[in-house]
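Structure at a glance
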Amino acid sequence: MNPISSSARCEGQCPTDDLMDDWLLLSSESAAPQHLEASREDQNSEDRGKLKSKLVSAWNSVKYGWSLKQKSKFSKSSPVVMFGQSYELIDQGERERFRRSFVTLLWLTYRRGFPQLPGGSLTTDSGWGCVLRTGQMLLAQGLLLHLMPPGWTVSHHVVRDDMDLLGLNSKEGSNKRGRRLSLDLHLVRPMAATHRRVVSWFADNPTAPFGIHKLVELGKSSGKKAGDWYGPSIAAHILRKAVAASTDLPNLVVYVAQDCTIYLEDVRRLCERPPPQSWKSVIILVPVRLGGQELNPSYITCVKKLLTLQCCIGIIGGKPKHSLFFVGFQDDHLLYLDPHYCQPTVDITKENFPLESFHCKHPRKMSFSRMDPSCTIGFYAKGQKDFESLCAAVNEALSTSAETYPMFIFSEGKSQEEEKGGNTPPNNITFIQRKNERKRVDTCNSMDEFVLL
C-alpha cells in the first residue's frame, strides 16, 4: 500500500481506523501470496548479488591475471634488496637464492567461492579487499620469522628462470628460455607441518584466525563492513585485534604506533612477563602518510633504508586505491606482491591441500614515484635484545630524513591514551622531535586517519 495515497484518501479519519482498515485487508489467504512474492524478490536480489560478485571476480581475474603474467625487467648491474638481504643478479647462484627467497613469501590474493561474509551475501573480496590481503601478507611474513628457523625457504625444483635480466647476451638468454620453474613444494619436515599450519590460519573460512571472515568481523568496530574500502591504518588495528584474539600465538603481540610515535613504555608493557619467562615477540606496525596527495620524494631514501633492515617485514602500501605489499627494491623501483588476482578458494581441511596458489613466482616492480603516501610499515622483534637492536637500526635509518620531519619517532614513556590525568596538548597537536628541537605538527586535518608529515 502506498502510505502517501492512503493518508490523503483517509484525511480526517482517526489513526486507529486507518490502521484497522489496513489490517482488515490482509487476510490469511491474501497474505500468503504476498509472502511468497517477497521471498521471490529476496531470492532474486540475492541471485543478482551473486551474479554481480561473479562478474566482478571474472573481470578482476582477466584484468589482473593479464598484468600478473607480464614480467618486470631486472637489471643485472644493480642489487635487489628484499627483507634485509641483498642479491647480485649478475651471479647465477645469487639469482637462485633470490628466487627461492621470493617464492617462499606467502602470497595472499583475492579469492572467490568462500562462505558468505558476515553481514551480507558476498562470497568474494574481489574489487575491495586488497588492503586486507596485503595486511595478511605482512602478518604472514612476521609469522614465518616468528615460527621458522632463520634463513628458511621452501624447497622447490628450479627449472625455469622467470626473471628478465637486462643486458644478458643472446646465447645466455636462449639457454634461460629453455628452463622452467615448478612450485612442487617439498618441504623439509617438521617445517612442512608448520608451514601448512601458517597457511591455514589465513584460510577463507569463518574459523581461520586471520582469514578474511575474521578480519571483516573485527573491522566492524571501526565502522567497516564487507565491500568497504579499508585503509592501511585501519588494517593495522584489525591485525592487532586478530593476533590478540588468537589462541595459537600466546608468545606474540602486535603494537600499533600512535601519531607516528612508537612509545617504548607501551611496547615493554605488552612484551614483559614475570621471570623466568622471556619477553614476548612483537610485531610493530607504524601507519604513516608520506606527503599530501603524492609521495614526498625526500622520504624515498628513508623507505629504502628501512627495507634494507632484517627486522622490517614489509609495507602495506600501493598505488591510489590499489594496495600492494612492498617487500624490497632495486634502484628506484619497489618490489611487490600483488593481491589483485582472484583465485578459487582452497579447502584447507583436506589433507595435503595444494600450496601452489599461496606462492608467487613472478617478481614485480613499480616506480617509487607511483607510491601512494598512505602506508603502514611493519617490523618484528623476537625478544628484548632484538627489540633494542631494532630501535637502534630503525633510528639510524630514520636519520636519513633529518632534513625533513622524520617518518616516525621513538619516545620514552607511554601514549596519551595510556596516561591517566596527563596533560593533553590542545588542538590535536603532535610533537615530533627533530634535531633535538621540539616541533609541532597540527593533525586536525590529517587525511585517511594518518598524520601528515
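The numbering scheme is per chain: residues are counted from 1 as the chain's sequence reads. The predicted nature of this model means local features are confined to residues of pLDDT at least 70 and side-chain atom pairs, given and counted, to a pLDDT of 80 or more, with totals for whole chains, interfaces and linings taken over all residues. Water and hydrogen atoms play no part in the side-chain values, which are based on all heavy atoms of the structure.

**Examining the packing of aromatic side chains**
The condition is simple: Any two rings among Phe, Tyr and Trp, with Trp reduced to its six-membered ring, count as a pair given centres within 6.5 Å; such a pair is stacked if its planes are under 30 degrees apart, edge-to-face if over 60, and tilted if neither. Secondary structure elements are taken from DSSP: a helix is a run of H or I of four residues or more, a strand is a run of E of two residues or more, and numbering for both begins at the N terminus. Exposure is judged per residue with a 1.4 Å probe applied to protein chains only, and the accessible area is read against the type maximum: over 50% gives exposed, under 20% gives buried, and values in between give partly exposed. Only when the NZ of Lys or the CZ of Arg is both within 6 Å of the ring centre and within 35 degrees of the ring normal is a charge said to sit over the ring.
The full count for this structure, using the stated rule, is eleven aromatic pairs. An angle of 45° between the planes, with centres 6.3 Å apart, marks the rings of Phe83 and Phe325 as tilted. Taken as a pair, Phe83 in the loop between strand S2 (80-82) and strand S3 (85-87) and Phe325 in strand S12 (residues 322-330) lie far apart in primary sequence, 242 residues in all. Judged by its relative accessible area of 10%, Phe83 falls in the buried class. Among the residues examined, Phe325 registers a relative accessible area of 1% and is labelled buried. Every member of this aromatic cluster is reached through a ring pair, and the members are Phe74, Tyr87, Phe98 and Phe102. Arg111 extends its terminal NZ or CZ atom over the ring of Phe358, reaching a point 4.7 Å from the ring centre. The ring of Phe353 carries Arg196 above its face, with NZ or CZ at 4.9 Å from the centroid.

**With respect to the nonpolar core**
Heads up, the condition is: In this text, buried Ala, Val, Leu, Ile, Met, Phe, Trp, Tyr and Cys residues form a nonpolar core when linked through side-chain atoms within 4.5 Å. Whether two residues are in contact is decided by their heavy atoms, any of which lying within 4.5 Å being enough.
By size, the foremost hydrophobic cluster in this structure holds 70 residues, and its most contacted members are Met82, Leu143, Phe202 and Phe210. When residues of this core are assigned to their parent elements, the largest contribution, nine residues, is made by helix H5 (residues 130-147). With residues up to four places along the chain from it excluded, the contact list for Leu143 reads Met148, Val198, Trp201, Phe202, Phe210, Leu249 and Leu252. Of all hydrophobic cores here, the second largest spans 48 residues; its members include Leu264, Cys302, Leu306 and Cys375.

**Here's the deal with the packing of helix H8 (residues 212-219) against helix H9 (residues 232-245)**
Applicable threshold: Helix axes are fitted to C-alpha atoms over the stretch in contact, other axes to C-alpha atoms as well, and angles between N-to-C directions run from 0 to 180 degrees. If an angle is under 35 degrees, it is roughly parallel; if it is over 145, roughly antiparallel; if it lies from 65 to 115, roughly perpendicular; otherwise it is oblique. Crossings are sorted by hand: turned counterclockwise from the far helix by less than a right angle, the near helix makes the crossing left-handed, and turned clockwise it makes it right-handed.
For the pair H8 and H9, the least separation of the axes is 9 Å and the interaxial angle reads 110°. Relative to H9, H8 is oriented roughly perpendicular. The way H8 lies across H9 gives a crossing that is right-handed. Residue-level inspection shows Lys214, Leu215, Leu218 and Gly219 of H8 in contact with H9, the latter providing Ile238, Leu239, Lys241, Ala242 and Ala245.

**Topic: the environment of Gln258**
What counts, and what does not: By the criterion applied in these results, polar contacts are pairs of N or O atoms within 3.5 Å in which, for protein atoms, one can donate a hydrogen and the other can accept it, and in which residues neighboring in sequence qualify only through two side-chain atoms.
Note on placement: Gln258 falls in the loop between strand S8 (252-256) and strand S9 (261-263). Separated by 28 residues in sequence, Gln258 and Val286 place their C-alpha atoms 7.7 Å apart. Side-chain polar atoms of Gln258 contact the side chain of Ser415, separated by 3.4 Å.

**What to know about unusual backbone geometry**
The amide bond that connects Pro275 to the next residue, Pro276, takes the cis arrangement and shows omega of 5°. Counting through the fold element by element, Pro276 comes out in the loop between helix H10 (264-271) and strand S10 (281-289). One non-glycine residue, Asp331, lies in positive phi territory at about 55°. With respect to the secondary-structure elements, Asp331 resides in the loop between S12 and strand S13 (333-337). On the accessibility criterion, Asp331 (39% relative accessible area) is partly exposed.

**Some remarks on the pairing of S8**
The line we're drawing: Strands were regarded as paired on the criterion that DSSP finds at least two bridges between them.
For S8, a buried count of five out of five residues is recorded, marking the element as mostly surrounded by other parts of the structure. Where S8 and S10 come together, five bridges link them in parallel fashion. The partner of Val254 across the bridge, within S10, is Ile283.

**A few points about the confidence of the model for the protein chain**
Where we set the bar: pLDDT measures the predictor's confidence residue by residue and takes values from 0 up to 100.
Counting all residues, the mean pLDDT for the protein chain is 79, and 68% of those residues have values of 70 or more. Across residues 167-185, where pLDDT falls below 50, the model places 38 contacts with residues more than four positions away in sequence or in other chains.

**Some thoughts on the side chain of Thr124**
Within the element layout of this structure, Thr124 appears in the loop between strand S4 (111-112) and H5. Reaching out from Thr124, the side chain makes a polar contact with the backbone nitrogen of Ser126 at a distance of 3.1 Å.

**Some points on the pattern of salt bridges**
Applicable threshold: In the sections that follow, a salt bridge refers to a side-chain nitrogen of Lys or Arg positioned within 4 Å of a carboxyl oxygen of Asp or Glu.
On inspection of all chains with the given rule, the structure shows eight salt bridges. A salt bridge links Asp228 to Lys225, with the shortest nitrogen-to-oxygen separation between them at 3.3 Å. What makes Asp228 buried here is its relative accessible area of 19%. Classification of Lys225 as exposed rests on a relative accessible area of 51%. Residue Lys304 is joined to Asp332 by a salt bridge in which the shortest nitrogen-to-oxygen separation is 3.0 Å. Highlighted residues: Lys304 in helix H11 (residues 300-307) and Asp332 in the loop between S12 and S13, separated in sequence by 28 residues. Taking the relative accessible area as the measure of exposure, Lys304 reaches 19% and is therefore buried. Of the residues examined, Asp332 reaches a relative accessible area of 47% and is grouped as partly exposed. Salt bridges sharing common partners tie together Asp125, Arg133 and Asp204.

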